[in-house]
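Residues per chain are reported as follows:
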Amino acid sequence: MNELNFLLQYIDLVNLGICLCVGFALKYAKVFERFGNQYIPITMLVLGCIIGLLTHMGRINAEVVLGGMISGLASTGLYETMRNLLAEGEKGE
């Protein structure tokens, strides 16, 4: 895991938060029932990239793209971590 720690510097918390909320909506909103869960990570990758590009307009480079992509994918991982922690908490009660 230590080999990938350098990627953490590219995470944008605003981007991550937006992607987390959109991913949650895609998973649970009845409007998106036909949207398969397997497409959520790639959708968050693309959305994170778009948000990164929009928020860094005028100074777009590979780091901005990478940061957006990592933030989008990190939102998927954060959702899974939160879901697992909440499930563990419910078992303990």
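Residues numbered from 1 in each chain as written. Predicted model: local features only at pLDDT ≥ 70, side-chain atom pairs only at ≥ 80, totals over all residues. Heavy atoms only, no water.

Peer 1: Is there a simple way to think about the pattern of salt bridges in this case?
Peer 2: Oppositely charged side chains can form a pair if their charged atoms are brought close together. Counted according to the given criterion, the structure contains 2 salt bridges. Between Lys 30 and Glu 33 there is a salt bridge; the shortest N-O distance is 3.7 Å. Owing to a relative accessible area of 65%, Lys 30 belongs among the exposed residues under this scheme. When its relative accessible area of 57% is taken as the criterion, Glu 33 is described as exposed. (Salt bridge = Lys/Arg side-chain N within 4 Å of Asp/Glu carboxyl O. Buried < 20%, exposed > 50% of the residue type's maximum accessible area, 1.4 Å probe, protein only.)

Peer 1: What is the right way to look at the nonpolar core in this model?
Peer 2: Side chains of nonpolar character tend, in soluble globular proteins, to be buried together. Cys 19, Leu 26, Ile 40, Met 44 and Ile 51 together form the largest nonpolar core, which totals 5 residues. Among the elements that line this core, the one with the most residues is helix H2 (residues 40–55), at 3 residues. Once residues lying within four places of it in the same chain are set aside, the contact partners of Cys 19 are Met 44, Leu 47, Gly 48, Ile 51, Gly 72 and Ser 75. (Core = buried A, V, L, I, M, F, W, Y, C linked by side-chain atoms within 4.5 Å. Helix = DSSP H or I, 4+ residues; strand = E, 2+ residues; numbered from the N terminus. Contact = heavy atoms within 4.5 Å.)

Peer 1: Even after reading the chapter, I still don't get the state of the cysteines, so can you show me in this structure?
Peer 2: Here, the word disulfide means a covalent bond between the sulfur atoms of two cysteines. Here the structure, examined in full by the defined rule, presents 0 disulfides. Between Cys 19, a free cysteine, and Cys 21, which holds the nearest cysteine sulfur, the sulfur-to-sulfur gap is 9.4 Å. A relative accessible area of 54% places Cys 21 in the exposed class. (Disulfide = S-S within 2.5 Å.)

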